[in-house]
Structures are given as C-alpha cells and as structure tokens.
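Residues per chain, in single letters:
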Amino acid sequence: LIVNLFLGLIFLSGFYHAKNKSFQILKRHKELLIPSTPCRAKTNVMFLKTHKTASSTVLNIMFRFAESYNLTVALPADHHVHLGYPETFLAHFVEAFQATGQNYNIMCNHLRFNPSEVQKVMAANTFYFSILRSPISLLESSYIYYKNIVPAFRLSKDVNEYLASPTKYYHLADSRENIYARNIMWFDFGYDNNAQDNRKYVQAVLKEIEQNFHLILIAEYFDESMILLKHVLCWDLDDVIYFKLNSRSQDTVQTLTPESKERIKAWCSLDWQLYLHFNQSFWRTIEETVGLKELEKEVNHLRMRQKELMETCLSDQKAVEKDRIQNKALLPFQSGAANILGYNLRQDLDNRTLRTCQRMVMPELQYTSYLYAVQHPHKKRKPF
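The shown structure was predicted, so the numbers you read here are calculated from the model rather than taken from an experiment. (Residues numbered from 1 in each chain as written. Predicted model: local features only at pLDDT ≥ 70, side-chain atom pairs only at ≥ 80, totals over all residues. Heavy atoms only, no water.)

Caption draft 1: Summary view of the nonpolar core. If you look at the biggest cluster of nonpolar residues, it comprises 119 residues, and the most contacted ones within it are M107, V121, F129, Y162 and M226. With sequence-adjacent residues up to four places away left out, F129 is seen in contact with V45, M46, F47, L48, V58, M62, F213, L215, L217 and L229. (Core = buried A, V, L, I, M, F, W, Y, C linked by side-chain atoms within 4.5 Å. Buried < 20%, exposed > 50% of the residue type's maximum accessible area, 1.4 Å probe, protein only. Contact = heavy atoms within 4.5 Å.)

Laid out in structure tokens, this is it:
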C-alpha cells in the first residue's frame, strides 16, 4: 500500500512545479476578489498547529502559499511527520537546521511550542499565529480520533462515561499518553496541561501567549478567521481559499449530554479560559482590522469562490467517506473510531486546473512527504 501511495504521489508531483500565485480557473469571477491593498505580503510565518482545531486545513493553506511563492518550509527531520511532538520543540527537530539556520519562511507542522527554540529557526520578523476551538467540541473530537491510543479514552465506554468521572480513567502516571484527554491546547502552547487552575498563573500564561503570538484564530468562525488572516498577512483571497481537510463523517460524532458539556468546562478549565480569552480578542481584532460590515462581505466572497472551486475540482461536489475515495494517494490518515473524509477530483481537468485542485485536497502527511522530497531530494523519502 505504501508503495502504491508513493507511486501515486510521484505521479501527482509532476503537476506541482508551477509557481503561479493566482488560480487560473474561473477567470470570469476575478471581479469577486477583493482589491489588493498597498501593503506587502508577509512571507515569514509560523503557525502553531494545535490538535483537532481545523489546523490541518490551515496547514494546507500554508503549504500552498509556500509553493506559490517558492518559500522554504521548516519540515520535520528524517522519517518524522511532526516536529518532535509531544516533546517540547528543539531547533534540531527541523530537517537541515544546522545548515539552513534562520532561512526558513514557513513553519506549520505539529510541535509543542518553545519560543526560544522556534526563534532559532525563524527570522526575527516572523509572524506568529495559531487557532483555538471550543474545548467542548474539541474533547469529543479528540475522544473519537484518539480512542485507541489514549489510556483514559480506551478504558471508558464512550465520551459521556469518561466525563462522568474522568479521574477514574485519567491517571497522572500516564499523563504523557493522556495529553489529548485534558487541556490539549494548553499543552500544545507549551504549558502543563495538569497545572492547578490558579487565577494568577492563568493570567500570566495568557499574557505570555499574547506576547508570543500576533494573532489567535477561532475554529468555530473559520471563514471569518481566514478573512482576518488575509488582512493581517496582506495575502489575497486566493491564498486563503480552502477545502475542509481531516474532517470526519457525522455518524462518528458522539452526542454530549448537557452535564458532560459543563463537566468539560471544569475538567479542561485551562483550555476553557484560554478559549474564552482569545475568542474575545479575536472579535476585537476583527473590528479594528476589518470591520463587521466588510467582514460579512468578504466572507460571502470567500464562500462563493469556494463553491465555484468545488464545482470545478470535485466530482462529488463535497467530501466523501474513506471507502469512496478513488485515488488512494489522496486517502487521509485514519485514526481511532473516526472516518476521515477525503475528496475525488473530476476526471476532465486540464493539467493546470488539476494541479491547483490536487494541492487543495492533498492530505497533510502526503503533502509533508511531497514537500520534503522537493526540498531535500537527496534524503531518504519520508513515509506517510
């Protein structure tokens, strides 16, 4: 299977070398694009990829931007697909760091944030951003996705049973294996996910995150987040257009009871305060940067553009379940009890349109492997 997937990627890779920044399809709709402002696009960008927060979709946006502008991505070294995660990040986790130093433009694969080490890899003028999701939906998603590998999840029957008495299943002795089961976003930002919920401590962490990051996006408002990102990075609409990646079928979603939702706020209280704080700052930034009226207009443009591209690229006009994905080179990684959806491309696409569409639907592991092969052609191929 791995051989077939790799051969499929080699086939795909022939289409990826164009550096044309703009989409070449649906030219008649160019008037929908927002006129570019006189600012200059930021090309040194670090995205802290948090878990189960729509971050795989953001990673795809970042990878496509890197390709469009011929930028260098700080990719995981050797056979790894993450930048040392769940270990705290160190600069040597990046392939060729010793030779390249700070000459990386983009960093966006999973890592546990460590600012001093990240700064060794990224330029001084790097823009830092991340994304958060409500801990309520996040924990349910984590439960399904990591069901087979997290002891606290594996030992419980379902998410509501787990939340009824989490300390029955969650043991500090297994804390490293259980990181997805409590305050996972807090952990991703580099902090102790089992720390006491002390007001002074929480406020200090929130202040530190504000100092380290220029922008925190909110997954529940993903389209609004993309418009805000476009503005602050001075990118074009085409740079932030996306197809949702790494999503799962609805039949694998477990319904949380009202009691479970309240218990999550207490059990994941660090994540809950993190989310509430940056949800507020997100909307303040929207008002200061874009304005609500302009935001609504641009979100509508983004959704129209997305719909057009789905009609152009996809034979099904939507994501499909794993067993319906025809090209196995485009099959997303499957985990736990989740059924991770993917896409089928239309068969009648010309080469240029096919290249654009392939990039938009390529799953995270395949895209990481592909870019690694491009940037480090003399290294052993990265498995996926």
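Next comes the rest of the write-up.
Caption draft 2: Spatial organisation of unusual backbone geometry. Residue Y85 is joined to P86 through a cis peptide bond whose omega torsion reads 5 degrees. Relative to the helices and strands, P86 is located in the loop between α2 (55-68) and α3 (97-100). Look at K52: it is not a glycine, yet its phi comes out positive at around 60 degrees. Here K52 is to be found in the loop between β1 (45-48) and α2. A relative accessible area of 13% means that K52 is categorised as buried. For N183, which is not glycine, the phi torsion reads 50 degrees and is therefore positive. (Helix = DSSP H or I, 4+ residues; strand = E, 2+ residues; numbered from the N terminus.)

Caption draft 3: Looking closely at the side chain of S281. By the element assignment, S281 lies in helix α14 (residues 269-289). On the basis of relative accessibility, which here comes to 13%, the residue S281 falls in the buried class. Looking at S281, its side chain comes within polar contact range of the main-chain oxygen of F278, at 3.1 Å. (Polar contact = N/O pair within 3.5 Å; in protein donor to acceptor, adjacent residues only side chain to side chain.)

Caption draft 4: Quick look at the packing of aromatic side chains. Counted according to the given criterion, the structure contains 26 aromatic pairs. The interplanar angle of 90 degrees and the centroid separation of 6.3 Å between the aromatic rings of Y128 and F213 together place this pair among those described as edge-to-face. Placement of Y128 in strand β3 (residues 127-132) and of F213 in the loop between α10 (199-212) and β4 (215-218) is noted, with a sequence separation of 85 residues between them. According to the relative accessible area criterion, Y128 is buried, its value standing at 8%. Ring centres of Y221 and W283 lie 4.9 Å apart, and the angle between their planes is 80 degrees; on these two criteria the pair is classed as edge-to-face. In this pair, Y221 sits in the loop between β4 and α11 (222-233) while W283 sits in helix α14, placing the two residues 62 residues apart along the sequence. Take W283: its relative accessible area is 25%, and that puts it in the partly exposed class. (Phe/Tyr/Trp six-rings, centres within 6.5 Å; stacked < 30°, edge-to-face > 60°.)

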